[in-house]
Amino acid sequence: MEISDKLIHELTKDCKTQEDFTDLFRALKKRGLEAALSGELTDHLGFEKHSRSSTRKPNSRNGYSKKTVRSSHGPLDLDIPRDRLGEFEPQIIQRHQTSFDGIDEKIISLYARGLSVRDIQEELSDLYGDAVSPTLISNVTNSVIDDVKAWQARPLEALYPIMYLDCLVVKVREDKRIVNKSVYIALGVDTDGQKELLGLWISQNEGAKFWLGVLTDLKNRGLDQVFIFCVDGLSGFPEAIEAVYPKAKIQSCIVHKVRQSLKYVSWKDRKIVAADLRKVYGADTLEEAELALESFSEKWDEKFPLIAQSWRRDWERLIPFFAYPKDIRKAIYTTNAIESLNMTLRKVVKNKRIFPSDDSVFKLLYLAIQNISKKWTMPIHNWKSAMNRFMIEFADQSDN
């Protein structure tokens, strides 16, 4: 659409400052939107305003309603045309829309990346100027809370063959104090091998009672069966699993176990100790793994006695994956799937040193998860082989 130089000169002749231009653009945007809305209503009714044929139609124009929307040039006070029968649904500015130019979407996108309110203001200042206030950012991001609640309560599939559980720690302001809280994350793998985050729970203290509540919540949302839970020694979790999913197996995460073991080891010995531990969990059979652990104990007990003791104490939780062929063990014995998720989430929360409330934690993590899950396009490696094995092994559970 070409605009003549004469018209441009006429429109801008009184603009002397940036504010003058902002006011002009806001006025043009208002008039343009109202003209577009009027055109939408004309299209809906099928006749122009003041048309003679309007008297023979069952519906007609019925004045205007007021609506204020945010825009890149500040608030716009719009006259939204109405029809007598209340059937008109405008599209350019929809019924519940509160902004124009995508300002809300930009705020939410930046917030999901972990940017602070100040950072978001600075990021958008060139585009929107003073239109982006701390209050606006808070209001826009708070609108996500209802989405979080709906997501957390959504129905689940009846079967997730594998579930990984892990947590990350955040600082939250509570009763004029700053406390550490753990956010627990349940990542399920569905029957097609696709990852799906099932929920978030926040607590200062974990234990059997807490985990019983989490698992009961999942059960009430439709999750009837889990074949294998892969966890990192979460306190009270095995007892809760036995109460809610008594037929499920529990696999302690080998990656976490190795990492925990190496805490006792000096830097100069770390590489060789890690290699000797790999002989244990990388063995072809359970019998070979037991012999490898004995060899490890004989070699290292004098220098690092706690390592072999710890593996023996947790042995029953560490060995379930040996029942499967080597090519599908990694789908079972490691929480790498959830570890990579948590690594990304930790980067997101890094800028939020202290959260003002639990809701603010859920809000940020929910938005970040929506971004992350867009990349989950491929099933877990060797999933078909793993699923076939699961269906044979857990056939009695699947038939119930």
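Here the structure is shown first, and the text comes after it.
Here we summarise the structure given alongside this text. All of these numbers come straight from a predicted model, not from anything done at the bench. (Residues numbered from 1 in each chain as written. Predicted model: local features only at pLDDT ≥ 70, side-chain atom pairs only at ≥ 80, totals over all residues. Heavy atoms only, no water.)

Quick look at the overall build of the protein
Secondary structure summary: the protein contains 18 helices and 7 strands in total. Counting contacts in the protein only where the partners sit at least 6 residues apart, residues at least 24 apart contribute 65% of the total. Within the structure as shown, the protein displays about 22400 Å² of accessible surface, and the carbon and sulfur contribution to it stands at 51%. (Helix = DSSP H or I, 4+ residues; strand = E, 2+ residues; numbered from the N terminus. Contact = heavy atoms within 4.5 Å. Areas by Shrake-Rupley, 256 points an atom, 1.4 Å probe, with all protein chains shown as cover.)

Description of the packing of helix H9 (residues 254–262) against helix H10 (residues 267–281)
It is the contact of H9 with H10, at a shortest axis distance of 11 Å, that shows an interaxial angle of 145°. Two packed elements cross with a definite hand, and for H9 against H10 that hand is right-handed. From H9, Ile254, Val258, Ser261 and Leu262 reach across to H10, where they touch Arg270, Val273, Ala274, Leu277 and Tyr281. Partitioning the contact of H9 with H10 into residue classes produces 7 nonpolar, 1 polar and 1 charged. (Axes fitted to C-alpha atoms, helices over the stretch in contact; angles between N-to-C directions. Left-handed = near helix turned anticlockwise from the far one by under 90°. Nonpolar A, V, L, I, M, F, W, Y, C, P; charged D, E, K, R; others polar.)

Quick notes on unusual backbone geometry
In this model, aspartate 175 sits at a positive phi of 50°, which is unusual for a non-glycine residue. Considering the arrangement of structural elements, one finds aspartate 175 in the loop between strand E3 (159–174) and strand E4 (177–189). Given a relative accessible area of 66%, aspartate 175 falls into the exposed group. At lysine 176, a residue that is not glycine, the phi angle is positive and equals roughly 65°. (Buried < 20%, exposed > 50% of the residue type's maximum accessible area, 1.4 Å probe, protein only.)

Observations regarding the nonpolar core
Judged by nonpolar contacts, the single largest core of 81 residues is most densely connected at Val273, Trp311, Leu345 and Phe390. Residue contacts for leucine 345: discarding those within four places in its chain leaves Leu168, Ile185, Leu365, Ala368, Ile369 and Ile372. (Core = buried A, V, L, I, M, F, W, Y, C linked by side-chain atoms within 4.5 Å.)

What about the environment of lysine 30?
Tracing the backbone through its elements, the reader meets lysine 30 in helix H2 (residues 18–45). By relative accessible area, lysine 30 is classed as partly exposed at 25%. With 46 residues separating them along the chain, lysine 30 and leucine 76 place their C-alpha atoms 6.2 Å apart. Leaving out residues up to four positions away in the same chain, lysine 30 has contacts with Leu76, Asp77, Leu78 and Asp79.

Details of helix H7 (residues 208–220)
Its 13 residues give H7 an end-to-end C-alpha distance of 18 Å, which sits within 8% of 18 Å, the value for a rise of 1.5 Å per residue. Turning to H7, its buried residues are Phe210, Trp211, Val214, Leu215 and Leu218. Buried positions in H7, seen along its axis, are confined to an arc of 125° and lie on one side of it. Opposite the buried face of H7, at more than 90 degrees from it, the exposed residues are Lys209 and Asn220. Buried residues in H7 make contact with E3, E4, strand E5 (195–203), strand E6 (225–231) and helix H8 (237–244). Residue glycine 222 follows H7 closely and has a positive phi angle near 110°. (Expected span 1.5 Å × (residues − 1). Arc of directions from axis to C-beta.)

Observations regarding the side chain of arginine 61
Residue position: arginine 61 is located in strand E1 (residues 61–69). Of the side chains with opposite charge, glutamate 48 comes closest to the buried, unpaired arginine 61, at an N-O distance of 5.3 Å. Setting aside residues up to four positions removed in sequence, arginine 61 forms contacts with Ser38, Leu41, Thr42, Leu45, Phe47, Glu48, Lys49, Arg82, Asp83 and Arg84. (Lys, Arg positive; Asp, Glu negative; His and termini not counted. Salt bridge = Lys/Arg side-chain N within 4 Å of Asp/Glu carboxyl O.)

Some points on the environment of glutamate 206
Residue position: glutamate 206 is located in the loop between E5 and H7. The exposure class of glutamate 206 is partly exposed, given its relative accessible area of 31%. Placed 22 residues apart in sequence, glutamate 206 and tyrosine 184 show a C-alpha to C-alpha distance of 9.4 Å.

Topic: the sheet that holds strand E7 (residues 249–252)
Either a parallel or an antiparallel arrangement is found when strands of a sheet pair, and the pairing is made through backbone hydrogen bonds. Read across the open sheet, the 5 strands follow the order E5-E4-E3-E6-E7; overall the sheet is mixed. If you trace the sheet from one side to the other, it starts and ends with E5 and E7, each paired once. Put simply, the sheet's adjacent strands are angled 25° from each other on average, direction ignored. Summarising the sheet, E3 and E4 pair through 13 bridges and their orientation is antiparallel. For leucine 165, the partnering residue across the bridge sits in E4 and is alanine 186. On top of the sheet, helix H16 (residues 358–373) reaches E3, E4 and E5; it is set at about 165° to E5, its chief contact. Most of the contacts of helix H17 (residues 383–393) go to E3, to which it runs at about 105°, and overall it touches E3, E4, E6 and E7. (Pairing = 2+ DSSP bridges.)

A few points about the pattern of salt bridges
Across all of its chains, the model carries 12 salt bridges by this definition. Where arginine 317 meets glutamate 242, a salt bridge forms, and the shortest distance between an N and an O atom there is 3.7 Å. With arginine 317 in helix H13 (residues 315–318) and glutamate 242 in helix H8, this pair connects stretches of sequence that are 75 residues apart. Judged by its relative accessible area of 30%, arginine 317 is partly exposed. Among the ionic pairs, lysine 303 bridges to aspartate 269, the shortest N-O distance being 2.7 Å. One end of the pair, lysine 303, is in the loop between helix H11 (286–300) and helix H12 (305–313); the other, aspartate 269, is in helix H10, with 34 residues separating them in the sequence. Judged by its relative accessible area of 10%, aspartate 269 is buried.

So, a negative patch on the surface
A contiguous patch of negative charge, built from Glu287, Glu288, Glu290 and Glu316, is present on the exposed surface. Looking at the negative patch element by element, the count peaks at 3 residues for H11. Following the sequence through the fold, glutamate 290 ends up in helix H11. (Patch = residues over 30% accessible without salt bridge, like charges linked within 9 Å, V, L, I, M, F, W, Y side chains within 5 Å. Charge placed at Lys NZ, Arg CZ, Asp CG, Glu CD.)

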